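What the coordinates show
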Amino acid sequence: MIINTDIMKTTILSIAMMLIAVVTYAQDKNKKMTFDVNGRCAMCKERIEEAALNVKGVKYANWSIPTHQLDIIMDERKTDAMKIKTAIVAVGHDTKELKATEKAYNSVHPCCRYREDNSDDGMHHGNE
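Residues numbered from 1 in each chain as written. Predicted model: local features only at pLDDT ≥ 70, side-chain atom pairs only at ≥ 80, totals over all residues. Heavy atoms only, no water.

Describing unusual backbone geometry
You will see that His 68, though not glycine, has its phi angle at about 60°, which is positive. Examined against the element boundaries, His 68 turns out to sit in the loop between strand 2 (58-63) and strand 3 (69-74). Owing to a relative accessible area of 17%, His 68 belongs among the buried residues under this scheme. (Helix = DSSP H or I, 4+ residues; strand = E, 2+ residues; numbered from the N terminus. Buried < 20%, exposed > 50% of the residue type's maximum accessible area, 1.4 Å probe, protein only.)

Encoded structure:
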C-alpha cells in the first residue's frame with residue numbers, strides 16, 4: 001500500500017489549522033476584566049452596571065461600592081474595554097483613563113458626586 005505523503009501532510013496541516021481556529025475563537029468569547037470607576041453608593045452602582053451592560057458584548061457587570069472596582073465579562077469579538085469605559089463616562093462616572101464631561105457628571109444625583117468629596121457614604125442613601 002502506497003501512502004501519498006503530500007496528501008497526508010495537507011490533511012494533518014488542515015486539521016491543525018482548524019483546531020487552532022476553534023481554540024482561538026473560544027478564548028475570545030468570555031474575557032474577564034476589572035477596572036476602577038469612581039462613584040459612591042447603590043445609585044451609582046446601578047447606573048454604572050446598567051451603562052456597562054448596555055454595551056453590546058458585555059455579559060456581566062458588577063461594581064463594588066467599597067473598592068470602586070468594576071468586574072466585567074465581555075465578548076471581545078463584540079466590544080472592548082474602551083467602549084465600556086466610554087459608556088460609563090457618558091452617565092457621569094470617571095475611570096482612570098477617561099473623565100466624564102461636566103454635563104454628564106452634573107447629571108448624577110447630588111449625593112453621587114464624588115469629585116469634591118471622596119468619602120464613601122454609600123450606606124446612607126443606597127435606596128433613594
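Re the environment of Phe 35
The residue Phe 35 is located in strand 1 (residues 31-36) in this model. Linking Phe 35 and Leu 70, residues 35 residues apart in sequence, is a C-alpha distance of 5.4 Å. Here Phe 35 is in contact with His 68, Gln 69, Leu 70, Ile 72, Ile 84, Lys 85 and Ile 88, once residues within four sequence places are set aside. (Contact = heavy atoms within 4.5 Å.)

Digging into the environment of Ala 61
Tracing the backbone through its elements, the reader meets Ala 61 in strand 2. Here the alpha-carbon distance between Ala 61 and Ile 72, two residues eleven residues apart in the chain, equals 4.7 Å. Among all residues touching Ala 61, those that are not within four sequence positions of it are Glu 49, Ala 52, Leu 53, Leu 70, Asp 71 and Ile 72.

Details of the side chain of Asp 94
Positionally, Asp 94 belongs in the loop between helix 3 (81-90) and helix 4 (102-106). We classify Asp 94 as buried; its relative accessible area is 4%. Contact partners of Asp 94, with chain neighbours within four places excluded, come to Asp 36, Val 37, Asn 38, Val 89, Lys 99, Ala 100, Tyr 114 and Arg 115.

Focus: the confidence of the model for the chain
Counting all residues, the mean pLDDT for the chain is 85, and 82% of those residues have values of 70 or more. Within the model, pLDDT remains below 50 along residues 120-128, and this stretch shows 15 contacts once partners closer than five positions in the same chain are excluded. (pLDDT = per-residue confidence, 0-100.)

Considerations on the pattern of salt bridges
Side-chain pairing between opposite charges can occur once the charged atoms of the two side chains come close. Evaluated as defined, the whole model comprises seven salt bridges. As a salt-bridge pair, Glu 49 and Lys 45 come within 2.6 Å of each other at their nearest N and O atoms. In this pair, Glu 49 and Lys 45 both sit in helix 2 (residues 42-53), four residues apart, roughly one turn of the helix. Residue Lys 45 is classed as partly exposed on the basis of its relative accessible area, which comes to 24%. (Salt bridge = Lys/Arg side-chain N within 4 Å of Asp/Glu carboxyl O.)

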